Amino acid sequence: MAETIVSVIAEELLDKLSSLASNEMGLAWGVQKDAQELVDTLTTIKAVLLDAEDKQIHSEKLKVWLGKLKEICYDAKDILDEIEVEGLRKQVVNSQSSTRKVRHFFSSSNPIAFRFTLGHKIKEIKKRLAKIAVDKDNFNLIEKVDSNQVIGWERERERETHSFVRASDVIGRDKDKEKIMKLLLRPSHGHENVSVIPIVGIGGLGKTALGKLVYNDKIVGEYFKLKIWVCVSDEFVLKKLLIDIIESVTQKKYVDKSIDQLQNILRDILSHEKYLLVLDDVWNEDYGLWFELKNLLRECVSGSKIIVTTRSDRVASIMGTVPTYRLEGLSLDDCLSVFVKCAFKEGREKQHPNLVEIGIEIVKKCRGVPLAVRALGSLLYSSTSEQDWKNLRDNEIWKLDQNENDILNALRISYNHLPPHLKQCFLCCSLFPKDHHFYSTELVQIWMAHGLLQSHNENQDLENIGKQYVRELMLRSFFQDIVRLHENLYMFKIHDLMQELATSLMRNECLIVKSTNQICIKSHRHLSFHSVDAPIIDVPNILPNWAHLRSITFYPITSESTAFETS
């Protein structure tokens, strides 16, 4: 599901081209006329873009057409960036001595050569865009107005996103909790000091929520004096896991210790109290890697327990010592309770029985997955327009084949209803690793570096605009595990499925580098290095098409810090 989203990029390009066609810089470089012609052609194309983006899920040719248009838009933006840089360079040159001017004239950056090259590049863009404009007539596209842009993303909402660990927010899992607690409180049998309980289910079903519900239960806390929570995710690396487990207990991160030193510390920690360890979101299917960790975890007080949450039956069979606990979808009634809680202000659903009936039909399509239910319920929060509800119910995206990606489809509907500026900000999150802990200030700075924050008033502070964007995405359930550290500082994560949604939408223009044998191609505009397992990265080998990149991001395995660059 890697649909091409180009309407936002086209809108940004149109604004820049319009400015170039009317300002002195366009006149100075002799490109005003060409810029205006590009504006006219792009305006014609943009009128049908929303319809094209909706219909591409049923037409591979239309998806290819949109992909070509996106490439043209990015190439045009690169040219406009060159013009801005050259304008700044020219200002510096004009302030220097005549001697330097003469020397600069014969350099590789002289203005005559630049003007000639610029004219050639813009004419090439005009030619490519004209071909795209002609081809659009082959798809019977119609003009559409993006109604979401006029809904008003800045409207006030009273409800805030619920904490993921509060028992009152986890609906329909009481029986599951009871069954898991029976397994936890049951004495260990045989020669094993520790039992491993696997909880398996598809993404977004609430495995982590169930784990936290049990983990925070008072009886469990009294039974297990030592409780440890570790999110494993993609990287099942022994040293990293040892560091994370020890840190969960001691609040200290021993990154400078050897594995031998770490195992001694861990064995000492586990030798005194019966423990409960939750290994959340495990993907590792290599028994050898698990065997190494298991042998260390077995050196403990008898009766200790490990809960493993995973989407994989194979992971469960490798790690589990008791039968797998398979988490099923919520019942329709429970899903409806979640939906109503997210879609209505408290008690207001009784005033709108017609909307509740439509809500039942929407909830059925979520197939018992609470994440999808919450996302769609939040989307309709405070809207009492029956047409809005019917539009969501009848959305074309539900016509896709039924598989696990239906969850992404549900989340995609929430994405479709974002205003354009928030769409771009959300997609930017695909650059981060899974389970990354965001700080709102960090995210706002990265949005600023990408030029994604829009100010309609010169007096508006971009950081304040960014904070508003963060809050709106929180209210729309795009973020989870939200912790308010200060008045305007939050820490949060993005759910795996939301991360997968962003990654799927950015697949053609963002390359996530996890090994040194990956190659960046021309369509890739963003590069994100996620703990590349090599002492030295061969950047020239990875980046044969580096000239088209707009950003490079690095995420070291041993640090939360981010090294970030933009072109």
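Residues numbered from 1 in each chain as written. Predicted model: local features only at pLDDT ≥ 70, side-chain atom pairs only at ≥ 80, totals over all residues. Heavy atoms only, no water.

### Some remarks on a nonpolar patch on the surface
Line of reasoning, step 1. Residues Y439, V483 and L485 make up a contiguous nonpolar surface patch of roughly 230 Å² in combined accessible area.
Line of reasoning, step 2. Position of Y439 relative to the elements: it lies in strand β6 (residues 438–439).
Line of reasoning, step 3. For Y439, a relative accessible area of 37% gives the class partly exposed. (Patch = residues over 30% accessible without salt bridge, like charges linked within 9 Å, V, L, I, M, F, W, Y side chains within 5 Å. Areas by Shrake-Rupley, 256 points an atom, 1.4 Å probe, with all protein chains shown as cover. Salt bridge = Lys/Arg side-chain N within 4 Å of Asp/Glu carboxyl O. Helix = DSSP H or I, 4+ residues; strand = E, 2+ residues; numbered from the N terminus. Buried < 20%, exposed > 50% of the residue type's maximum accessible area, 1.4 Å probe, protein only.)

### With respect to the nonpolar core
Line of reasoning, step 1. By size, the foremost hydrophobic cluster in this structure holds 82 residues, and its most contacted members are I180, L184, F339, W389, F426, W447 and F479.
Line of reasoning, step 2. Judged by nonpolar contacts, the second largest core, of 36 residues, contains L14, L17, A21 and L80. (Core = buried A, V, L, I, M, F, W, Y, C linked by side-chain atoms within 4.5 Å.)

### Comments concerning the packing of helix α22 (residues 440–449) against helix α23 (residues 462–475)
Line of reasoning, step 1. One way to put it is that α22 packs onto α23 with a least axis distance of 9 Å and a crossing angle of 115 degrees. Of the two elements, α22 crosses α23, and the hand of that crossing is right-handed. For the pair formed by α22 and α23, the contact residues are S440, V444, W447 and M448 on the first element and L462, E463, G466, K467, Y469, V470 and L473 on the second.
Line of reasoning, step 2. For the contact of α22 with α23, the residue count by class is seven nonpolar, two polar and two charged. (Axes fitted to C-alpha atoms, helices over the stretch in contact; angles between N-to-C directions. Left-handed = near helix turned anticlockwise from the far one by under 90°. Contact = heavy atoms within 4.5 Å. Nonpolar A, V, L, I, M, F, W, Y, C, P; charged D, E, K, R; others polar.)

### Section: the packing of aromatic side chains
Line of reasoning, step 1. Applying the stated criterion across every chain yields a total of twelve aromatic pairs.
Line of reasoning, step 2. Aromatic side chains W65 and F139 sit 5.9 Å apart centroid to centroid with 55 degrees between the ring planes, which places their arrangement in the tilted category. A residue pair is termed long-range when its members are at least 10 positions apart, and W65 in helix α5 (residues 60–94) and F139 in the loop between α7 (111–135) and α8 (148–151) qualify at 74 residues.
Line of reasoning, step 3. The interplanar angle of 75 degrees and the centroid separation of 4.9 Å between the aromatic rings of F426 and F478 together place this pair among those described as edge-to-face. With F426 in helix α21 (residues 420–428) and F478 in the loop between α23 and β7 (480–486), this residue pair connects regions lying 52 residues apart in the sequence. We note that F426, like F478, is buried.
Line of reasoning, step 4. Lying over the aromatic face of W229, K212 brings its terminal NZ or CZ to 5.7 Å of the ring centre. (Phe/Tyr/Trp six-rings, centres within 6.5 Å; stacked < 30°, edge-to-face > 60°. Lys NZ or Arg CZ within 6 Å of the ring centre and 35° of its normal.)

### Digging into the confidence of the model for the protein chain
Line of reasoning, step 1. For the protein chain, per-residue confidence averages 81 on the pLDDT scale, and 80% of positions sit at 70 or higher.
Line of reasoning, step 2. Taken together, the stretch residues 101–108 has pLDDT below 50 and engages in nine contacts with residues farther than four places along the chain or on a different chain. (pLDDT = per-residue confidence, 0-100.)

### Comments concerning unusual backbone geometry
Line of reasoning, step 1. For N140, which is not glycine, the phi dihedral falls at a positive 50 degrees.
Line of reasoning, step 2. You can see N140 is positioned in the loop between α7 and α8.
Line of reasoning, step 3. Owing to a relative accessible area of 63%, N140 belongs among the exposed residues under this scheme.
Line of reasoning, step 4. One non-glycine residue, S382, lies in positive phi territory at about 70 degrees.
Line of reasoning, step 5. Within the element layout of this structure, S382 appears in the loop between α18 (370–379) and α19 (386–393).

### A closer look at the side chain of S440
Line of reasoning, step 1. Locating S440 in the fold gives a position in helix α22.
Line of reasoning, step 2. Residue classification places S440 among the buried residues on the basis of a relative accessible area of 4%.

### Some points on the pairing of strand β1 (residues 194–200)
Line of reasoning, step 1. Judged by how many residues are buried, β1 sits mostly within the fold: seven of seven residues are covered.
Line of reasoning, step 2. Side chains of β1 alternate between two faces, with V194, V196, P198 and V200 and S195, I197 and I199 buried alike.
Line of reasoning, step 3. Two strands pair when backbone bridges link them, and β1 and strand β4 (residues 304–310) are joined in this way by seven bridges, in the parallel orientation. Across the sheet, residue I199 finds its bridge partner in β4, namely T309.
Line of reasoning, step 4. Relative to strand β5 (residues 325–326), β1 runs parallel, the two sharing two bridges. Counterpart to I199 in the pairing with β5 is Y325. (Pairing = 2+ DSSP bridges.)

### Observations regarding the packing of helix α16 (residues 332–343) against α18
Line of reasoning, step 1. Taken N-terminus to C-terminus, the directions of α16 and α18 make an angle of 30 degrees; their axes are 7 Å apart at the nearest point. Crossing angle aside, the handedness with which α16 passes α18 is right-handed. Residues C335, V338, F339, C342 and A343 of α16 form the contact with α18, whose participating residues are V373, R374, L376, G377 and S378.
Line of reasoning, step 2. Tallied by class, the residues present in the contact of α16 with α18 amount to seven nonpolar, two polar and one charged.

### Examining the environment of V255
Line of reasoning, step 1. When you line up the elements, V255 lands in the loop between α12 (238–250) and α13 (259–270).
Line of reasoning, step 2. Along the sequence, V255 and L242 sit 13 residues apart, while their C-alpha atoms lie 9.9 Å from each other.
Line of reasoning, step 3. When residues no more than four places from it in sequence are discounted, the contact partners of V255 are K239 and I243.

### Brief notes about α23
Line of reasoning, step 1. An ideal rise of 1.5 Å per residue puts 20 Å on 14 residues; α23 measures up with 20 Å between its terminal C-alpha atoms.
Line of reasoning, step 2. Every buried residue belonging to α23 is among I465, G466, Y469, V470, E472, L473, M474 and L475, and all of these are buried.
Line of reasoning, step 3. Elements in contact with the buried residues of α23: α18, α21, α22, β7 and β8 (489–493).
Line of reasoning, step 4. Looking at where α23 begins, the residue whose side-chain oxygen comes 3.1 Å from the main-chain nitrogen of E463 is D461.
Line of reasoning, step 5. Within two residues after α23, S477 carries a phi angle of roughly 65 degrees, on the positive side. (Expected span 1.5 Å × (residues − 1). Polar contact = N/O pair within 3.5 Å; in protein donor to acceptor, adjacent residues only side chain to side chain.)

### Looking at the pattern of salt bridges
Line of reasoning, step 1. With the rule as written, the count across this model stands at 25 salt bridges.
Line of reasoning, step 2. One salt-bridge network, held together by shared partners, links D34, E37, K123 and K126.

### Concerning the state of the cysteines
Two cysteines joined by a covalent bond between their sulfur atoms form a disulfide.
Line of reasoning, step 1. Under the criterion given, the structure shown has zero disulfides.
Line of reasoning, step 2. This cysteine, C428, is not joined by any disulfide, and C429 carries the nearest cysteine sulfur, 6.2 Å off.
Line of reasoning, step 3. The class of C428 is buried, set by a relative accessible area of 5%. (Disulfide = S-S within 2.5 Å.)

### Considering the sheet that holds β7
Line of reasoning, step 1. Across the sheet, which stays open at both edges, the three strands sit in the order β6-β8-β7 with antiparallel pairing between neighbours. Where the open sheet ends on each side, the last strands, each with one partner, are β6 and β7.
Line of reasoning, step 2. When β6 meets β8, the two strands line up antiparallel, connected through two bridges. Each bridged residue has a counterpart across the sheet, and for Y439 the counterpart in β8 is M491.

### Overview of the pairing of β7
Line of reasoning, step 1. Sheet topology places β7 next to β8; four bridges connect them, and they run antiparallel. Each bridged residue has a counterpart across the sheet, and for R484 the counterpart in β8 is Y490.
Line of reasoning, step 2. The turn linking β7 back onto β8 is made up of two residues.

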